[in-house]
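# Inside the fold
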Amino acid sequence: MKFSSNDKISNNQLRAIISSFLFGSLAVSLPLRTIEISKSSAYISILLGGIFISAWYYFMAKIFQKTDIKNYEEDTLKIFGKRFGKLLLAVIFINILICSSFRLFEYSNMINSVTDKNTNFLTAIFFIVLVSGFMAQKGIECIGRTSEIAFIVMIFSMLLIFLMAVRNIDFDILIPVFSERKEILKGAFDAFLSFDFAGYIFLLMPKSNNRKNCHKYVLTAFFTVYIVLAFTTALSVSSFGIKESQRKIWPVIQMMNYIDFPSSLVERQEVLMSGFYIFSVFILAGTGI
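Residues numbered from 1 in each chain as written. Predicted model: local features only at pLDDT ≥ 70, side-chain atom pairs only at ≥ 80, totals over all residues. Heavy atoms only, no water.

### Let's talk about empty space enclosed by the protein
Counted according to the given criterion, the structure contains one cavity of 30 Å³ or more. Put simply, the largest cavity is a space of about 70 Å³. Every residue lining the largest cavity is listed: S19, F23, F151, M154, I155, M158, T224, V225 and V228. At the level of secondary structure, the elements contributing two or more residues to the lining of the largest cavity comprise α1 (11-26), α7 (140-165) and α11 (214-240). Top element by residues in the lining of the largest cavity is α7. It accounts for four residues. Split by residue class, the lining of the largest cavity holds seven nonpolar, two polar and no charged. (1 Å grid on protein atoms, 1.4 Å probe; cavity = no way out; pocket = protein on both sides within 12 Å on 5 of 7 lines; lining within 4 Å. Points joined across faces, edges and corners; volume = space filled by probe spheres on them. Helix = DSSP H or I, 4+ residues; strand = E, 2+ residues; numbered from the N terminus. Nonpolar A, V, L, I, M, F, W, Y, C, P; charged D, E, K, R; others polar.)

### Points about the packing of aromatic side chains
Evaluation of the coordinates by the stated rule reveals five aromatic pairs. Taking 5.7 Å as the distance between ring centres and 55° as the angle between the ring planes, the aromatic pair formed by F80 and F84 counts as tilted. For F80, a relative accessible area of 42% gives the class partly exposed. Residues F126 and F127 carry aromatic rings whose centres are separated by 5.4 Å and whose planes lie at 75° to one another, so their mutual orientation is edge-to-face. (Phe/Tyr/Trp six-rings, centres within 6.5 Å; stacked < 30°, edge-to-face > 60°. Buried < 20%, exposed > 50% of the residue type's maximum accessible area, 1.4 Å probe, protein only.)

### What to know about the layout of surface pockets
Here the largest pocket is characterised by a volume of approximately 820 Å³. Taken together, 28 residues line the largest pocket, and the ones lying closest to its centre are I96, L203, T287, G288 and I289. Only α4 (72-80), α5 (82-115), α6 (121-137), α7, α10 (198-204) and α14 (269-288) provide two or more residues apiece to the lining of the largest pocket. With eight residues, the single largest contributor to the lining of the largest pocket is α5.

### With respect to the nonpolar core
Counting 43 residues, the largest nonpolar core has I17, I18, M205 and F222 as its most contacted members. Looking at this core element by element, the count peaks at nine residues for α11. For I18, the residues in contact, after removing those within four places along its chain, are I201, L204, V218 and A221. By size, the runner-up hydrophobic cluster in this structure holds nine residues, among which are V28, L104, Y107 and I128. (Core = buried A, V, L, I, M, F, W, Y, C linked by side-chain atoms within 4.5 Å. Contact = heavy atoms within 4.5 Å.)

### Notes on the confidence of the model for the protein chain
In the predicted model, the protein chain carries a mean pLDDT of 77, and the fraction of residues at 70 or more is 78%. Ranking the elements of the protein chain by mean pLDDT puts helix α13 (residues 251-254) last with 60 and helix α3 (residues 42-64) first with 87. (pLDDT = per-residue confidence, 0-100.)

Take a look at the structure:
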């Protein structure tokens, strides 16, 4: 596949990339942590946190798009000087390295727990870095187009899962209790602070070929992901109950086994859900590289 090599992406591709690595960053860790804080109202906490963080990055993106940043390396060295600029770039590099390494560690654990217990830890990491590195070598446009195609597939697949899962939801267990309002707000605050890849958004925005409307696509990317996470968290609590959900390592992924697909359309549904997460890690690692 040939790309124009203009180092630019469309706003749809920007939204697809953000949605993809957001899902990979949050789908595994956020639901379990929020269930421990907010119990049966965890989905409300995630939804509230998603609304606040969507609004926050909407306004941040709107402010940022007025800047004239085109190349981070050159602009950093020009503004801060060579010595301090290189030090600042080194700090950014270390941050990306640590965050990406942590997500790859989570990915490998999930592979061993859900899909194939015989998969070697280092082998799983090696292959995802290898493929992500190849994709990154092709440039941001390659990552953008790949994310755009896969995002559409992911959304339609999630809609199918939602339709199959709605009938299994026990709404009685999900009714919020007024006395839990403090836990709900605490969980919402935790959800608001949960995103450790915020800097990626501002690294990607200068790549957009239409920066005037970037903020709208950033908003929809965040809001879409948090709605998906809120629904899957509610389904997890409804499927397992509160105490069992707290004992599960990957409640959002493991609850897929409780969904009955018609005519055995999909077997081992948790592998389908983990597949979305694995793809998200590919996008996240490729963007980091």
